[in-house]
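A look at the structure
Read off the chains here:
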Amino acid sequence: MRALVPLSPVRVPGGEVRFDAPAEVQVDLEAGRDGILARVRARAQGRAACDRCLGPVTVPITLDYEERFQTPAQAAASPAGAGDEERRVLYEGDVIDLGEGLRENLTLALPLKFLCREGCRGLCPRCGQNLNEGECGCRVEEPAKPLEALRPLLERFAREQDKARN
């Protein structure tokens, strides 16, 4: 079965990913003694803001996963094994809901960082100029080196290690 499924925005740190078009979803169902196995393939395209310059980012997503839907009686008769990677979902009646698994897998497939391009230079920390579009003229001081304060401690540790070896 193929379907176009509208997707709600997904909240991510720093914003959200929006979907302008429905996801293309293909589901193959296989019924058996231990429940209904759903093999799901989905493709979607989201929009987010670049984590460095706030420009638009297109986020292509491809999913391929399986879920097993079981009645409470089927779940009791076939407990999940130690190496069982398959997600198991309980259902009652004549309807199984694929939405929860689709949302979870979609969220897991999102990148940890959204970048408009690999070499994105981001925004000037002083004036906010997008440095991908050109320099701003601000004098940016050398970045802070927060671990520099540990240098004397590391040097002392190295000297003590040398003494212990000799």
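Now for a look at the structure at hand. All values reported here derive from a predicted model rather than from experimental measurement.

Focus on the overall build of the chain
- When helices and strands are tallied, the chain shows three helices and seven strands.
- Sequence-ordered secondary structure for the chain, helices as α and strands as β, is β-β-β-β-β-β-α-β-α-α.
- Against the 2.2 N^0.38 benchmark of 15 Å for 166 residues, the chain shows a C-alpha radius of gyration of 25 Å, more extended than a compact globule.
- On the principal axes, the C-alpha backbone points of the chain span a range of 65 × 55 × 20 Å.
- Residue pairs at least 24 apart in sequence account for 47% of intrachain contacts in the chain once pairs closer than 6 positions are excluded.
- Entry remark: accessible area of the chain is about 12100 Å², with carbon and sulfur atoms responsible for 52%.

Quick word on a nonpolar patch on the surface
- On the surface, Leu147, Leu150, Leu153 and Leu154 cluster together into a nonpolar patch covering about 410 Å² of accessible area.
- Its place among the elements puts Leu154 in helix H3 (residues 151-165).

Considering the state of the cysteines
- One pass over the full model with this rule turns up zero disulfides.
- In this model Cys116 remains outside any disulfide bridge; the closest cysteine sulfur is found in Cys53, 3.7 Å from its own.
- Of the residues examined, Cys116 reaches a relative accessible area of 33% and is grouped as partly exposed.
- In this structure Cys138 is a free cysteine whose sulfur lies 3.7 Å from that of Cys127, the closest cysteine sulfur available.
- Relative accessible area serves as the criterion here: at 30%, Cys138 is assigned to the partly exposed category.

As for the environment of Val17
- By the secondary structure assignment, Val17 is in strand S3 (residues 15-19).
- Residue Val17 is classed as buried on the basis of its relative accessible area of 0%.
- Distance from Val17 to Ala42, taken between C-alpha atoms, is 16 Å for residues 25 residues apart in sequence.

Observations regarding unusual backbone geometry
- If you check the backbone angles, Leu54 has positive phi at about 70 degrees while not being a glycine.
- For Leu54, a relative accessible area of 61% corresponds to the exposed category.

Rules behind the numbers
- Residues numbered from 1 in each chain as written.
- Predicted model: local features only at pLDDT ≥ 70, side-chain atom pairs only at ≥ 80, totals over all residues.
- Heavy atoms only, no water.
- Helix = DSSP H or I, 4+ residues; strand = E, 2+ residues; numbered from the N terminus.
- Rg over C-alpha atoms; globule rule 2.2 N^0.38 Å.
- Contact = heavy atoms within 4.5 Å.
- Areas by Shrake-Rupley, 256 points an atom, 1.4 Å probe, with all protein chains shown as cover.
- Patch = residues over 30% accessible without salt bridge, like charges linked within 9 Å, V, L, I, M, F, W, Y side chains within 5 Å.
- Salt bridge = Lys/Arg side-chain N within 4 Å of Asp/Glu carboxyl O.
- Disulfide = S-S within 2.5 Å.
- Buried < 20%, exposed > 50% of the residue type's maximum accessible area, 1.4 Å probe, protein only.

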